[in-house]
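Architecture and fold: a report
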Amino acid sequence: MSDIETSTVSEEGFTSTSEVGDFELTIDALGEDGPDPNSVLVADYASCFLPAFRVGGQQRGHDDLGRVQIDAEATLDDDDDLTGISFDIYVEADVDDDTLADIVERAEGICHVHTALREGLHADVTTHANAF
């Protein structure tokens, strides 16, 4: 038995609908009817990294980081393959740079998407404390 099951259907064109549990996600290779697959991957990475960052903060004694925001950017080559991802992480709490670096390191070990990506696509992370 598998741990994750999805079903993805395309009736025509380049738009597909994926069922993931009770949720439905529309993805369009052309980015017209929904986000394109690369954008979904980058958003998925950020949405996995953010809670991992919070857990990393808790493990480093920062139970309340306040608002946390990840602005993600990605670069593509001429074949539209992802070649780089970067995160700017904005944290409401006033946390020193060394602690933020420790939290990022811990988050990298917790985030399942980070682990699943080839090393060359691991996000280049910059953090900003006391940001809001």
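Residues numbered from 1 in each chain as written. Predicted model: local features only at pLDDT ≥ 70, side-chain atom pairs only at ≥ 80, totals over all residues. Heavy atoms only, no water.

Per an unreviewed UniProt entry, the recorded name for the protein is OsmC family protein, and the organism is Halobaculum marinum.

1. A few points about the overall build of the protein
Defined as follows: Per the convention used, a helix needs a DSSP run of H or I reaching at least four residues, while a strand needs a run of E reaching at least two, with both numbered from the N terminus. Type-normalised accessible area, obtained with a 1.4 Å probe on protein chains alone, sets the label of each residue: buried when under 20%, exposed when over 50%, and partly exposed for intermediate values. For the charge count, each Lys or Arg is scored as positive and each Asp or Glu as negative, with His and the chain ends excluded. Each charge is placed at NZ for Lys, CZ for Arg, CG for Asp and CD for Glu.
Counting its secondary structure elements, the protein contains three helices and six strands. Along the protein, helices (α) and strands (β) appear in the sequence β-β-β-α-β-β-α-α-β when read from the amino end. With the C-alpha coordinates of the protein rotated into their principal frame, the extents come out at 50 × 40 × 30 Å. Across the 132 residues that make up the protein, the buried fraction comes to 29%. For the protein, the distance from the average site of its 5 positive side-chain charges to the average site of its 32 negative ones is 11 Å.

2. Section: unusual backbone geometry
In this model, Asp80 sits at a positive phi of 65°, which is unusual for a non-glycine residue. By secondary structure assignment, the location of Asp80 is in the loop between strand 4 (68–76) and strand 5 (82–91).

3. Re helix 2 (residues 97–110)
Selection criterion: One less than the number of residues in a helix, times 1.5 Å, gives the span that helix is expected to have. Here the arc refers to the set of directions running from the helix axis out to each C-beta atom. Residue contacts are defined here by distance: any two heavy atoms, one from each residue, within 4.5 Å place the two residues in contact.
If you check helix 2, its first and last C-alpha atoms are 20 Å apart, about what 14 residues at 1.5 Å a residue would give, namely 20 Å. Along helix 2, the positions that sit buried rather than exposed are Thr99, Leu100, Ile103, Val104 and Ala107. Relative to the axis of helix 2, the buried residues are bounded by an arc of 140° and lie together on one face. The exposed set on the far side of helix 2, more than 90 degrees from its buried face, consists of Asp98, Glu105 and Gly109. In the core, the buried residues of helix 2 are packed alongside helix 1 (37–59), strand 5 and strand 6 (124–128).

4. Considerations on the sheet that holds strand 1 (residues 6–9)
Defined as follows: Two strands pair under a simple rule: DSSP has to find at least two bridges between them. Axis lines are fitted through C-alpha atoms, for helices just across the contact stretch, and the angle between N-to-C directions can take any value from 0 to 180 degrees.
Within the open sheet, the three strands sit side by side as 1-2-3. Their pairing is antiparallel. Across the chains shown, the open sheet's two edge strands, defined by having one partner strand only, are strand 1 and strand 3 (23–28). Strand-to-strand twist of the sheet, defined as the mean angle between neighbouring strand axes without regard to direction, takes the value 20°.

5. As for a negative patch on the surface
Applied cut-off: Patches here are clusters of residues that have more than 30% relative accessible area and form no salt bridge, with a 9 Å joining cutoff for like charges and a 5 Å cutoff for nonpolar side chains (Val, Leu, Ile, Met, Phe, Trp, Tyr). Note that accessible areas follow from Shrake-Rupley with a 1.4 Å probe, and for residues the cover is restricted to the protein chains shown. Any Lys or Arg side-chain nitrogen found within 4 Å of a carboxyl oxygen on Asp or Glu counts as a salt bridge.
Together, Asp94, Asp96, Asp97, Asp98, Asp102 and Glu105 give the surface a local cluster of negative charge. Tracing the backbone through its elements, the reader meets Asp102 in helix 2.

6. Here's the deal with the nonpolar core
Rules: Put simply, a nonpolar core is a bunch of buried Ala, Val, Leu, Ile, Met, Phe, Trp, Tyr and Cys residues held in one set by side-chain atoms that sit within 4.5 Å of each other.
Counting 26 residues, the largest nonpolar core has Tyr45, Phe49, Phe53, Ile85, Phe87 and Ile89 as the members making the most contacts within it. For this core, the secondary-structure elements that each account for two or more residues are helix 1, strand 4, strand 5 and helix 2. The element contributing the most residues to this core is helix 1, with seven residues. Apart from residues no more than four positions distant in its own chain, Phe87 is found in contact with Tyr45, Ala46, Phe49, Ile70, Asp71, Ala72, Ala123, Asp124, Val125 and Thr126.

7. So, the packing of aromatic side chains
Condition: Think of it this way: a Phe, Tyr or Trp ring, Trp meaning its six-membered ring, pairs with another when their centres are within 6.5 Å, and the plane angle makes it stacked under 30 degrees, edge-to-face over 60, tilted otherwise.
With the rule as written, the count across this model stands at three aromatic pairs. Centroid distance Tyr45 to Phe49: 6.3 Å. Interplanar angle 80°. Geometry classified as edge-to-face. Of this pair, Tyr45 and Phe49 both sit in helix 1, four residues apart, which is roughly one turn of that helix. These aromatic residues form a ring-pair network of at least three members: Tyr45, Phe49 and Phe87.

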